Amino acid sequence: MSELFRPSRRMVVLGLAAAGVQAARAEDLPEVVATKDPSCGCCEAWVKHLRAEGFRVQVVNAPVNPVKARLGVPRELASCHTAQVGGYVIEGHVPASAIKRLLVEKPAGTGLAVPGMPVGSPGMEVDGVEPATYEVVLFGPGVRTTFARFRGGQAV
């Protein structure tokens, strides 16, 4: 250690404790099961985004339309991949922060969707192109409302 910065024992202990809390939170996140077409690159990028945010993700390479139908994803909210986590359906390029909020708040509904493939949403980043502003929709029987708004990966 340099003479300019010498952490106290208390600082080291607090830092290690904080790291442990952070790791525990990531371990407490439920596993995401994502169904996608085997050749879809943007789906792989979305999975990478979720993993970077602490989610464990199991990828199932299979036709997604039967999964969407079985899980009740409305056609107008469809995107390229469908996932399940914590009893909810996640359709499309939903940011990890919105999924984490969903799991904490537990609203009544089937799940969250980002219809289509908005530029700049997680997995849809394009160098040199401004990210779009888009809505994350909470959907379910009798429920369709804006859960969050994002510009790229940032909540607005």
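The name an unreviewed UniProt entry assigns to the protein chain is DUF411 domain-containing protein, from the organism Methylorubrum zatmanii.

1. Some details on the overall build of the protein chain
Tallying secondary structure elements over the protein chain gives 4 helices and 8 strands in all. Each helix and strand of the protein chain, ordered N terminal to C terminal, gives the series α-β-α-β-α-β-β-α-β-β-β-β. Classification of the 156 residues of the protein chain by burial places 39% in the buried group. The contacts of the protein chain with a sequence gap of at least 6 include a subset with a gap of at least 24, amounting to 52%. For the protein chain, the accessible surface area stands at approximately 8900 Å², while carbon and sulfur atoms represent 56% of it.

2. A look at the side chain of Thr 110
By the element assignment, Thr 110 lies in the loop between α4 (96–105) and β5 (111–114). Thr 110 gets classed as buried once you look at its relative accessible area, which sits at 18%. Not counting residues up to four positions away in its chain, the partners in contact with Thr 110 are Leu 71, Gly 87, Tyr 88, Val 89, Phe 139, Gly 140 and Pro 141.

3. Focus on the sheet that holds strand β6 (residues 133–140)
Pairing between the strands of a sheet comes from backbone hydrogen bonds, and it takes one of two forms, parallel or antiparallel. Taken in spatial order, the 8 strands line up as β2-β1-β3-β4-β5-β6-β7-β8 in an open sheet, and their pairing is mixed. Every interior strand has two partners, whereas the edge strands, β2 (57–61) and β8 (154–155), have only one. Bridging between β5 and β6 involves 3 bridges; their strand directions are antiparallel. The partner of Leu 112 across the bridge, within β6, is Leu 138. Packing of α4 onto the sheet brings it into contact with β3 (82–85), β4 (88–92), β5, β6 and β7 (143–151), and relative to β7 it is tilted by some 140 degrees.

4. Considerations on the pattern of salt bridges
Taken as a whole, this structure holds 7 salt bridges when the rule is applied. Here Lys 100 makes a salt bridge to Glu 53, at a shortest N to O gap of 3.6 Å. Pair noted here: Lys 100 is in helix α4 and Glu 53 is in the loop between α2 (41–52) and β2, with a separation of 47 residues, a long-range link. Between Arg 101 and Glu 105 there is a salt bridge; the shortest N-O distance is 2.9 Å. You can see Arg 101 and its partner Glu 105 sitting in helix α4, 4 residues apart, about one turn around the helix. The partly exposed category is assigned to Glu 105, whose relative accessible area is 47%.

Here is what the cut-offs are and how they apply
- Residues numbered from 1 in each chain as written.
- Predicted model: local features only at pLDDT ≥ 70, side-chain atom pairs only at ≥ 80, totals over all residues.
- Heavy atoms only, no water.
- Helix = DSSP H or I, 4+ residues; strand = E, 2+ residues; numbered from the N terminus.
- Buried < 20%, exposed > 50% of the residue type's maximum accessible area, 1.4 Å probe, protein only.
- Contact = heavy atoms within 4.5 Å.
- Areas by Shrake-Rupley, 256 points an atom, 1.4 Å probe, with all protein chains shown as cover.
- Pairing = 2+ DSSP bridges.
- Axes fitted to C-alpha atoms, helices over the stretch in contact; angles between N-to-C directions.
- Salt bridge = Lys/Arg side-chain N within 4 Å of Asp/Glu carboxyl O.

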